[in-house]
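# Notes for the structure review
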Amino acid sequence: MALSVPAKISRKAASIRLLVLDVDGVMSNGQLLFSAQGDELKAFNILDGLGIKQLMAAGLDVAIITGRTSPLTAKRASDLGIQYLLQGREDKLDALAELAAELGRTADQIAYMGDDLPDLAAIQFAGLGVTVPNGHWFVRQHADYCTSIPGGTGAVRELSDLILASQNRLDDMLTAYLLGDNHKGGQ
């Protein structure tokens, strides 16, 4: 099934050079699970992981800004090769502005994906502000785009495919898999 998005969204996605992700509710389903011993548990989606790796292979930067601090998030970022991890940052707009300055990115080159009110200012700042259908209604109302897939179940992959398709890179990546020319694993 081919991606079908409004032309305005595709134009915005064509300029993206940095994707910034929230964690809880975007990369995970937003539930906080704890073992009987008090250990935190999180589930991340494999589809999202490959989408992130495909963006980085295409030369885009990927970053995480999260209000919580979690060793599981640090492990996931490390496993995926995400270099920019800002944890414990409830001031997400300030964190995003700092990251943009560090990387020399303008707002129109940034996509930010979040699901709740602490993400809203960053969503509004970014050239492409994205949320998920399980996000807060006010955030959905003010984002440029809402994925069809809920957070934690492949929403990041939907956005990564959208960005790559808008930059005319997705078809070649998919064809490589058809031909067996892509042997990069580990999502």
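Check the entry above for the structure.
In this report, the structure presented in the accompanying data block is examined.

Moving on, we come to the sheet that holds strand β1 (residues 18-21). If you walk across this open sheet you meet the 6 strands as β5-β4-β1-β6-β7-β8, and the pairing is parallel. Whereas interior strands pair on both sides, the edge strands pair on one side only; in this sheet they are β5 (84-86) and β8 (145-146). Bridge count for β1 against strand β6 (residues 110-113) is 4 bridges, and the pairing is parallel. Considered in β6, the bridge of Val20 is made with Tyr112. On top of the sheet, helix α4 (residues 92-103) reaches β1, β4 (61-65), β5 and β6; it is set at about 155° to β4, its chief contact.

Before going further, it helps to examine the environment of Asp144. Turning to its location among the elements, Asp144 is positioned in the loop between α6 (137-142) and β8. Overall, the relative accessible area of 31% leaves Asp144 in the partly exposed class. Residues contacting Asp144, with those up to four places away along its chain left out, are Ile9, Lys12, Ala126, Gly127, Leu128 and Gly129. A distance of 3.3 Å separates the side chain of Asp144 from the side chain of Lys12, its partner in a polar contact. Side-chain polar atoms of Asp144 contact the backbone nitrogen of Gly129, separated by 2.7 Å.

Taken as a whole, this structure holds 1 aromatic pair when the rule is applied. Measuring from centroid to centroid gives 5.4 Å for Trp137 and Phe138, while their planes differ by 80°, and the two rings are edge-to-face. Taking relative accessible area as the criterion, Trp137 reaches 51% and is therefore assigned exposed. Given the relative accessible area of 31%, Phe138 is considered partly exposed.

The topology assignment puts Lys42 in the loop between β3 (40-41) and α2 (46-57). Exposure remark for Lys42: the relative accessible area of 16% places this residue in the buried category. Reaching out from Lys42, the side chain makes a polar contact with the side chain of Asp24 at a distance of 2.5 Å. Of note is the side chain of Lys42, whose polar atom sits 3.2 Å from the side chain of Glu40. Excluding its chain neighbours within four sequence positions, the residues that come into contact with Lys42 are Val23, Asp24, Leu32, Arg68, Ser70, Leu72 and Thr73.

Here is what the cut-offs are and how they apply
- Here, residues in each chain are numbered from 1, in the same order as that chain's written sequence.
- Local features in this predicted model are restricted to residues of pLDDT 70 or higher, and side-chain atom pairs are both shown and tallied only at a pLDDT of 80 or more, whereas totals for entire chains, interfaces and linings draw on every residue.
- Side-chain measures here rest on the full set of heavy atoms in the structure, leaving out hydrogens and waters.
- Pairing between two strands is assigned when DSSP locates at least 2 bridges connecting them.
- Elements are defined by DSSP. Helices are runs of H or I of four residues or more, strands are runs of E of two residues or more, and each kind is numbered from the N terminus.
- Contacts between residues were defined by any pair of non-hydrogen atoms, one from each residue, lying within 4.5 Å.
- As a rule, the C-alpha atoms of each element are fitted with a line to give its axis, helices using only the stretch in contact, and angles between N-to-C directions run from 0 to 180 degrees.
- Buried means the residue's accessible area, taken with a 1.4 Å probe over protein chains only, is under 20% of the maximum for its type, while exposed means over 50%, and partly exposed covers the values in between.
- Pairs of N or O atoms are called polar contacts if they sit within 3.5 Å, as long as, within protein, a hydrogen donor faces a hydrogen acceptor (for residues adjacent in sequence, only side-chain-to-side-chain pairs).
- We call Phe, Tyr and Trp rings a pair once their centres come within 6.5 Å, taking the six-membered ring for Trp, and we label the pair stacked below 30 degrees between planes, edge-to-face above 60, and tilted otherwise.

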